[in-house]
Each structure stands twice: as C-alpha cells, then as structure tokens.
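Geometric and topological summary
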Amino acid sequence: MSEAREQILAGIRRSLKRGRLDAARETELRDRVAAHRRNLVPARAAAVARVNSPAAVPEAVARYLAAENLPADLVLAPDLSLDDILWDARPLLRTRRGRAEAGDTVSLTRCFVAIAETGTLMLISGAETPTTLNFLPDTHIVLVYADQVVATYEDGWDRLRTDGGMPRAINFITGPSRTGDIEQRIELGAHGPRRLHIILVDDRQKATDGESK
Amino acid sequence: MLATSRAFEANARAGLANDNLQRALALMRTGFPQRRRLAVERLPEFEVLREIAKSIKDHTLEHLDFYLELFEENVLASGGQVHWARSPDEACAAVLAICRSVDARIVTKGKSMIAEEVGLNERLEKNGITTVETDLGEYIIQLRHEPPSHLIAPAIHLMKEQVAETFRAEHLALDPERSLAEARQLCDEARAVLRPRFLAADVGITGANFLVASTGSSIIVTNEGNGDLTQTLPRVHIVMTSLEKLVPTLEDATTLLRLLARSATGQEFSSYTTVSTGPRRPGDLDGPEQYHVVLLDNGRSALLGGEFQDMLRCIRCSACMNHCPVYAAIGGHAYGWVYSGPMGAVLTPSLIGVAEAGHLPNASTFCGQCESVCPVKIPLPKMMRHWREREFAEKLNPPVYRAGLSLWAWVAKRPALYHALVELASRALGWLGRGRGRFRTLPLANGWTAVRDLPAPEGRSFHSLWAERRNGGTVK
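Residues numbered from 1 in each chain as written. Chains lettered and ligands numbered in written order. Predicted model: local features only at pLDDT ≥ 70, side-chain atom pairs only at ≥ 80, totals over all residues.

1. What about the domain arrangement of chain A?
The test is simple: Start and end points for every domain follow an automatic or database-based domain assignment.
Split into domains, chain A comes out as domain 1 (2-34) and domain 2 (54-201). On a C-alpha basis, the centroid separation for the pair domain 1 of chain A and domain 2 of chain A is 42 Å.

In structure tokens form, the structure reads like this:
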C-alpha cells in the first residue's frame, strides 16, 4: 500500500501548503525528539509507606492471601531477583515460576519503577517479566523496593533509556481493573485483576527478618 | 457505518421521548462533570498543561508528514508493520488481509472508534470472522446491535435492567433463574463469558490513544484491562488508528496523558496505560508474534492547513459531550454517526460531508462549555459556526430558512432601515404586550412560543436608548 502512503503524505503537504521539510528543519525536529525534553511536570506530594524487608515478603504475602480468603497458590515471575526471597520460609505457600495461564488465581511480580505522582506502578515486559501475570490472575501482588520509587513518569522514561531501551510492553498500573460502563457505577475486576496488592520493601539489602516499624 | 445524521431532528425527538435514555442521561449530567471538576481542582498546573498540550498537538500537525515517517521508521525497526489507509475500505482490507494470512477465526477487540468509523466488525463478520468486543460497554451494544452513544462510555444510554434483558436473551447457556439485578452481577457475568474468548482469539485489535513517533509505539488507556488481554494473548496484535493520534516523544505523550483521564473520567490516571512497541522479543514468554499498525487518513490530511485543522488536536476524552446541554438532553445516538456531542458536531461533517451532517453544527446553544473544558482548547463553537457558513454557502439549508436569513441580512446591511424597523417592532410589541408582559402566541414565531412565552419588549430598542444617552439625553 505504498501508493496510499505516498498519496497521504502528498495530501498532508498540499494541505499545509509546502513540500517536504528541508533538511535543516528535519534535523531540528530529530534533535527535538532526541532531547527527551520534559514539558511541565506538576509538583505532587505523595506519601509512601515502607513496611517490609525482603525476608518478610513471604510472610506478608501469606498473611494477605489468608486475610482475603485466597488460596496460597502463587505464580511468580521468572524474575531472577525474586530468587533472593526465601519462599520456603512459608511452607504452605505453593509457588510456580512462569507466565500466567488461564487457571492461575494469584500472581506476584516486581515493578520497573513506582511513580509517586499518581501512585502508579510501571511494569515492563521481558523474558523474566511476562505481561500475562499483570492481567490474567484475579489477584496481582507487586513487590516494590523503596529505592524504586521515582517522582514522575518522566523519571521512568529516563530510567528506561539508561536500562536498555523500549521493551515490547510497558504497563502503567494504577489500581485494580474497573469499569463504569453500567450506569456509571464503578465496579472492580472488569476483565483484569480484581485486587492489586502492593508490598513495599523498605531495604532490599537488609537480611534480618521482621518488619520495619 | 451508515449515517442517519440527516434525520437528526427525528432522532432528537425520539431521544427526548425515551424514558430509559432520559434516566441514563440524568446520571451522566451529575457524574462526569463533577468528577472532572474535582480532578482539575487537585492539579494546580491543569490550565498551563492545557496550553502546553495544545502546542504539542499543533507542532505535531504542522510537521505531520515528518513525524509519520519517523513513526513508521521506528515501528519497522522494532519489528512491526505499518499499513497506510486512505479510506475506510482500505483500512478494512488491510485488517482482513492480516487476519486471512494467519487463518484467523476469532478476533477480540478493545475499544476503537476508528474501527467504528470504518465499519470493521461488519466487514470481518461478512468474511466469516467472529468478532468479539471486549470492553464491557462495547460488548453490551454489540449484543444489542447498536452503535456507541458516547466516546468512552459506549453504553451510557442504557439502564442496568436493559443490560440484564440483553444478557438473558444472549447468554442462553446460563441458568435462566439467575439474578441480574445488580451491576456487580452483570460485570461478573460478562467477565466469565468473555474470558474464554480472550484465550481463544487468533487476532487482537485495539485502538490507540496516542502514537509515539520517537519510539514507534502505540498507547492505549483503559480501566478494564480488556485492551491488554486483547493485545497480549493472541498471536497477532493490530492497532487501528488514525494520523492525528501522533505525538513526537514519550514526554509529549506524558503531558497529554496527565490531561486525558482527568478530563474524561476524573481519574488522575486510568487503571491501565500501556505502551506497545513491536512484537514479542526473543526470550519473551508471552505477547503477540506480529504487531501491525493500520493508519487511517479518511479525510484528515485534507483538514490540515484550513479552518478545521484545530479539530485534529482532539484526544477523544469526551469532556465536551459530558458538559454539553444538547448532548445531555438527546444522547449520542441522535447525532446519527460514530462521533457525537460537540466534537461530533464538528468532526462528522468533516468526515462524511456537511450535506449529510449539516444539522449537527446547528444543534448547539453556543454556551461555550465544550471549549472551556477541552483539554487541548479546540474552539468548537467557532468551528460549528464555520460549518454553518459552509452549509449556507453550499445552499444546503431549507429555502424558507435561506430566504429568511437573506432578508435579515439585506435589512441588517442598511442601518437606517434596520433601526427604524427594530424601533417600530419593539414599540409595537411593547404596546401589545403591556398587560401581561409576555406573549403566549405570536404570528411567525410559533417555533419559539410553542414551548415557552416570549417576554414583551420594554417599548424602545437598545439602539435608540443608546443614541439618546450619547446625545446627552437621560434614560428614563
């Protein structure tokens, strides 16, 4: 359909009453794009509660699942950094590694960064972080280390560029799935997770058990 | 989609007489505007962000050819494909060709207004491909064979009892005695019915809220998560989109995203905002094997450089219709095509012609609310006036209307005569209405007096009072 392409581009130029941009202007625009210039970033105050050390994660997960009356079956992202957590510390917690399948009820993933501006999690796809974990199970548990919290979305883009570039999918997640399509009443759990549970880990290095105050 | 915009008057009357619609619209009038207001109040920079968003869109439109080529270059670099489509027919043909190439039987769809604009579902169904809408509102109206009545809440015209009726009629495998009294139960039922469809689909089609030139990415903004299941689970992801969704960079998209959810639902950010760049990468355990972008023009490139270019800034947030007294009275279906409310009143004549859709820019009180809430400051009332001028210039209005307008113009261009006639008329009406102070009926003014009284003039025209005052006289 390259004929369509040429006609559409020619139509745009005709409407704008000019030919193709000159090389100098094209270079300027390429520079604009490459500069990653930020527009206005709103100043927002966001409170971050820090509750756990890594060793306390299995306990926190198990307690959450029990409180919600959910089965203690967990599908974990095949994320190497999750290996540091001693899942065996809670023998009743059954874990599997991989992408999510149709029957999975609870998933646990890390995030790429967490954005304070709107309390938004930024997750990226990759071999160790399959996207299906974020959407198929009824309950999605996300581990956030305190040093992953950034102020704005723009900080997330910067971090991404220094960390290897654009992944296939970036999911910004702010709360569980919801719909207002019936009489504008907000109902949670439309198609994605009914519950989003965030576990904030105070200090990723801390080896001691127990929760921070 | 076949337009019924010509029948706007009949459509609007039907809307006014529809009790369910009126109940549903009453919910909307209090819902959306209030939530938007609260969200805007919580973000002190909102007004400045609007100005920046406008300039980002203007900049992109002025250099649209450049950014389209850059976008294409980056889509190709990430392993995706771009299909340029001049017309709805070319867009449908591109999607159909992709579906056939993978022998697709079931296609799931996230919400896409472009797919509505090109009539994609009918085209796919006609070719034996089962097409399943997955956004709850879209799913409901697909079952009812209705078009969407709102940009972001396609089933906003329905009450939950109507949805329950539809589900009972369509979900025949389920227990007929089940309770569907609550919205919660309806959501759960749709979730259960649609989940196997997500898993069975061969191709997933979504729209795009934004396209990012610098990375070749498409962005969708949703709350249900249906768009993400649609584009993650099948082998092929097709993005149905149009030229003007483009922005230069991720930072530019971010600025627009800060405005979008706040303007639309009053959320600070929607539950899910997803940036997609190309197909599955080596080592990935999920995600589509193919990533296609179908780029629709359908008359948009011709709007550049003219009086309607500003309309191409629209980010489809629906704030204009949520705040429109006309939309709130008649609902979206009255507009007779895909787009409704003030943005539809301007965009529809651009896309299907003013001869077809001339009623729409006339259906306005010109209160200006739409422009004042538009996150990218589109001068909607001004553009409706442009359409009215075009409609008149192309001799599309009824003869009586044209004759009346011509007569008025002839008189208005002769100030002495105009002032004399106005003075005469106001004195006469003032004298005639001196008892009651208002008229229940008046010859030639039935259109006004049929539904309300006309207040009687004080007796003298403004012009003569003003002239007297300027000449040093006193005003009594």
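From this point, things continue past the structure.
2. Overview of the interface of chain A and chain B
For clarity, the cut-off: Two residues form a contact once the distance between their C-beta atoms, set from the backbone, is within 7 Å. A run of DSSP states H or I qualifies as a helix once it reaches four residues; a run of E qualifies as a strand once it reaches two. Both are numbered from the N-terminal end. All residues other than Ala, Val, Leu, Ile, Met, Phe, Trp, Tyr, Cys, Pro, Asp, Glu, Lys and Arg, Gly among them, are scored as polar; the first ten of these are nonpolar and the last four charged.
Taken together, the 63 residues of chain A in the interface contact 81 residues of chain B. For the side of chain A that touches chain B, the secondary structure elements donating two or more residues are helix 1 (2-15), helix 2 (23-34), helix 4 (153-162), strand 8 (169-173) and strand 9 (178-179) of chain A. Among the elements that make up the side of chain A that touches chain B, the one with the highest residue count is helix 1 of chain A (nine residues). Of the residues belonging to the side of chain A that touches chain B, the class tally is 25 nonpolar, 22 polar and 16 charged.

3. Overview of the sheet that holds strand 6 (residues 217-222) of chain B
Neighbouring strands of a sheet are bound in pairs by backbone hydrogen bonds; such pairs are parallel or else antiparallel. As a reminder, the rule being used: At least two DSSP bridges between two strands are required for those strands to pair. The axes are straight lines fitted to the C-alpha atoms, using for helices just the contacting stretch, and the angles between their N-to-C directions are given from 0 to 180°.
Taking strand neighbours across the sheet as the criterion, the eight strands line up as 7(A)-4(A)-5(A)-8(A)-9(B)-6(B)-5(B)-8(B) in an open arrangement whose pairing is mixed. Two strands lie at the open edges of the sheet, namely strand 7 (149-150) of chain A together with strand 8 (246-247) of chain B, each paired on one side alone. For strand 5 (residues 210-212) of chain B and strand 6 of chain B, the ladder comprises three bridges, and the chain directions are antiparallel. Residue Val212 of chain B lies in a different strand from strand 6 of chain B, and its bridge partner there is Ser217 of chain B. Strands in contact with helix 4 of chain A are strand 4 (113-115), strand 5 (120-124) and strand 7 of chain A; relative to strand 4 of chain A, the strand with the most contacts, it is inclined by about 160°.

4. Some remarks on helix 8 (residues 136-143) of chain B
Heads up, the rule is: Whether a residue is buried, exposed or partly exposed is read from the other C-beta atoms within 10 Å of its own C-beta, which are placed from the backbone; 20 or more gives buried, 12 or fewer gives exposed, and intermediate counts give partly exposed.
Most of helix 8 of chain B is tucked away: seven of the eight residues are buried. Buried residues of helix 8 of chain B: Leu136, Gly137, Glu138, Tyr139, Ile140, Ile141 and Gln142 of chain B, and no others. Residues of helix 8 of chain B that are buried in the fold lie against strand 9 of chain A together with strand 3 (130-133), helix 9 (160-170) and helix 10 (183-200) of chain B. At the C-terminal side of helix 8 of chain B, His145 of chain B shows a positive phi close to 55°.

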